Amino acid sequence: MIIGVGRIVLDFYNNDKVARKHRELEELCAALRKKFNVSALEVADFEDPERCVIGFAAVIPENWKTASAKSLVEKICETIDKTAFARVTVEDCDLLSHGEG
């Protein structure tokens, strides 16, 4: 199987409420789960109200071509960039292979 993974850092400039950050991140991750059927969650910097770090993972069948798998990961990143409540500052994505194939 192929696993598409990403770690996205968002700059939530001038936010001073951690609760607001958590609420916004949960809404963003829920939308990603619904649209792409991926796992998405806040993964770091939980108590910093201006820095948001989310991770996502998509399980992709082995019969997909590498270009198609990369395209899916890119679409997920583009969606985050277009719909996020804060500015994307770091985008680190990759494809991993696991098992036979």
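About the criteria used
- Residues numbered from 1 in each chain as written.
- Predicted model: local features only at pLDDT ≥ 70, side-chain atom pairs only at ≥ 80, totals over all residues.
- Heavy atoms only, no water.
- Helix = DSSP H or I, 4+ residues; strand = E, 2+ residues; numbered from the N terminus.
- Rg over C-alpha atoms; globule rule 2.2 N^0.38 Å.
- Buried < 20%, exposed > 50% of the residue type's maximum accessible area, 1.4 Å probe, protein only.
- Phe/Tyr/Trp six-rings, centres within 6.5 Å; stacked < 30°, edge-to-face > 60°.
- Pairing = 2+ DSSP bridges.
- Axes fitted to C-alpha atoms, helices over the stretch in contact; angles between N-to-C directions.

Student: How should the overall build of the protein chain be read in this particular structure?
Tutor: A tally of regular secondary structure across the protein chain gives 2 helices and 4 strands. When the helices and strands of the protein chain are placed in sequence order, the string is β-α-β-β-α-β. Against the globule reference of 13 Å for 101 residues, the protein chain gives a C-alpha radius of gyration of 14 Å, in line with a compact fold. By principal-axis analysis of the C-alpha atoms, the protein chain measures approximately 45 × 25 × 20 Å. In the protein chain, buried positions account for 36% of the 101 residues.

Student: Before we go on, may I ask you to explain the packing of aromatic side chains in this structure?
Tutor: When we look at a pair of aromatic rings, we describe it by the centre distance and by the angle of the planes. The tally for this structure, following the rule as stated, stands at 1 aromatic pair. Plain terms: the ring middles of F12 and F85 are 4.9 Å apart, the flat faces sit at 70 degrees to each other, and that makes the pair edge-to-face. Here the residue F12 occupies a position in the loop between β1 (2-11) and α1 (18-36), and F85 occupies one in the loop between α2 (66-83) and β4 (87-97), the gap between them amounting to 73 residues.

Student: Quick question: what am I supposed to make of the sheet that holds strand β3 (residues 51-60) here?
Tutor: The strands that make up a sheet pair up through hydrogen bonds in the backbone, lying either parallel or antiparallel. If you walk across this open sheet you meet the 4 strands as β2-β3-β1-β4, and the pairing is antiparallel. With partners counted over all chains shown, the strands left at the sheet margins are β2 (39-44) and β4, one partner each. When the angles between neighbouring strand axes are averaged without regard to direction, this sheet yields 20 degrees. Bridge count between β1 and β3: 10 bridges; the pairing is antiparallel.

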